Amino acid sequence: QEDEQEFLQTILQREHAPRLHALFEGVDIPLLQCRDCGLSRPVEDDIYFTCLPLSLLDATRAPIASAQRALDVFLTPEALQDPDYHWTCANSNCASTRLPLNQHHLTTKPRVLCLHLVRWRGGRDQDALLHTVRCEEDLDCEGTPYALRSVVCHMGETPRAGHYTCRVHYPNEGGNWWYYNNSERRLVRPGEVTTTAQVMGSVERSYLAFYERRD
């Protein structure tokens, strides 16, 4: 057994698949923003990514029910929590020492945006987030439009057991969306693409969503 997201990250390493890596790679230069005057500056190190891990709980610990909402929360400034971090605002008229806000800032958006819907938190089964999460067919990432192209779903209650299925956008004379489950390949039924679906008595929950940049 191997987690699909971990398996994907291994495949997408530059040395293993350089052309795939180039399609998925983006750059995040987080910003630190003064909570008093609003002045911001980038952190020292750029973060290169091939998949964005999105929490399915918002700041109030309420469940997040869509990929767009999870991405918006990911990109929303949040208070820096590191008590050992020392900050002085560079604005001489401010010079605030309150811990700043921390915000992701995607300076390079990948051709293929992979979203990891984080359903497993820690090692306790009771902490799993198994609610329905809708993957919209159109997504906005800081003003850049993306279109849904594939969704990997997980069947099972824990990350240590279960099964993966996939929905793939592949337009041809038979249809636009296809369902894959091992050797089974068929047209997707209504509701199976964007939302958690019940297939043959088993619940398949969205876990990884792949979006292609519309330009």
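Residues numbered from 1 in each chain as written. Predicted model: local features only at pLDDT ≥ 70, side-chain atom pairs only at ≥ 80, totals over all residues. Heavy atoms only, no water.

Go over the pairing of strand E13 (residues 175-181) with me, naming the residues and quoting the values.
With five of its seven residues buried, E13 lies for the most part within the structure. Of the pairings in the sheet, the one linking strand E12 (residues 163-172) to E13 comprises five bridges and is antiparallel in character. Pairing of valine 168 across the sheet is with tryptophan 178, part of E13. Connecting the antiparallel pair E12 and E13 is a turn made up of two residues. Sheet topology note: the E13/strand E14 (residues 184-187) ladder contains four bridges and is antiparallel. Its bridge partner being in E14, tyrosine 180 is matched across the sheet by arginine 185. Hairpin connection of E13 to E14: two residues between the antiparallel strands, including asparagine 182 at a positive phi of 55 degrees. (Buried < 20%, exposed > 50% of the residue type's maximum accessible area, 1.4 Å probe, protein only. Helix = DSSP H or I, 4+ residues; strand = E, 2+ residues; numbered from the N terminus. Pairing = 2+ DSSP bridges.)

Please give an account of unusual backbone geometry that cites residues and values.
Residue arginine 61 is not a glycine yet carries a positive backbone phi of 70 degrees. Using a relative accessible area of 56% as the deciding quantity, one classes arginine 61 as exposed. Its identity is not glycine, yet alanine 95 carries a phi of approximately 55 degrees, on the positive side. Position of alanine 95 among the secondary structure elements: in the loop between strand E6 (78-79) and strand E7 (101-103). Residue alanine 95 is classed as partly exposed on the basis of its relative accessible area, which comes to 37%.

Please give an account of the sheet that holds strand E3 (residues 40-42) that cites residues and values.
Across the sheet, four strands lie side by side as E3-E2-E7-E6; this open sheet has antiparallel pairing. Either end of the sheet is taken by a strand with one partner, and the two such strands are E3 and E6. Bridge count between strand E2 (residues 31-33) and E3: three bridges; the pairing is antiparallel. Looking across to E3, one finds that glutamine 33 is bridged to serine 40.

Lay out the nonpolar core with the relevant residues and their values.
Formed by 30 residues in total, the largest nonpolar core has its most connected members in Leu52, Leu54, Leu113, Leu115, Cys135, Leu148 and Tyr211. Sorting the residues of this core by element identifies strand E5 (52-55), helix H3 (67-75), strand E9 (112-118), strand E10 (138-141), strand E11 (144-155), E13 and strand E16 (202-213) as the ones contributing at least two each. Looking at which element gives the most residues to this core, the answer is H3, with five residues. The contacts of leucine 115, once residues within four sequence positions are left out, are Cys51, Leu52, Leu54, Ala67, Leu139, Tyr207, Leu208, Ala209 and Tyr211. Grouped together as the second largest cluster of nonpolar side chains are 14 residues, Cys51, Cys114, Tyr164 and Cys166 included. (Core = buried A, V, L, I, M, F, W, Y, C linked by side-chain atoms within 4.5 Å. Contact = heavy atoms within 4.5 Å.)

Tell me about the environment of threonine 132, residues and numbers included.
Within the secondary structure layout, threonine 132 lies in the loop between E9 and E10. Threonine 132 sits 68 residues away from isoleucine 64 along the chain, and the two C-alpha atoms are 8.8 Å apart. Setting aside residues no more than four positions away along its own chain, threonine 132 makes contact with Ala65, Thr195 and Thr196.

Pulling in residues and values, what's your account of the packing of aromatic side chains?
Under the criterion given, the structure shown has two aromatic pairs. Seen in terms of ring centroids, phenylalanine 24 and phenylalanine 210 are 6.1 Å apart; in terms of plane orientation they differ by 85 degrees. Their pairing is edge-to-face. Of the two residues, phenylalanine 24 sits in helix H2 (residues 18-24) while phenylalanine 210 sits in strand E16, which places them 186 residues apart along the sequence. Accessibility classification places phenylalanine 24 together with phenylalanine 210 in one group, the buried group. Taken together, a centroid distance of 6.3 Å and an interplanar angle of 35 degrees make the contact between tyrosine 164 and tyrosine 207 tilted. In this pair, tyrosine 164 is assigned in strand E12 and tyrosine 207 in strand E16, connecting sequence segments 43 residues apart. As far as burial versus exposure is concerned, tyrosine 164 and tyrosine 207 are alike and both buried. A cation over a ring is seen here: arginine 185 above tryptophan 178, with NZ or CZ 3.8 Å from the ring centre. If you follow arginine 186 out to its NZ or CZ, it ends over the ring of tyrosine 179, 4.0 Å from the centre. (Phe/Tyr/Trp six-rings, centres within 6.5 Å; stacked < 30°, edge-to-face > 60°. Lys NZ or Arg CZ within 6 Å of the ring centre and 35° of its normal.)

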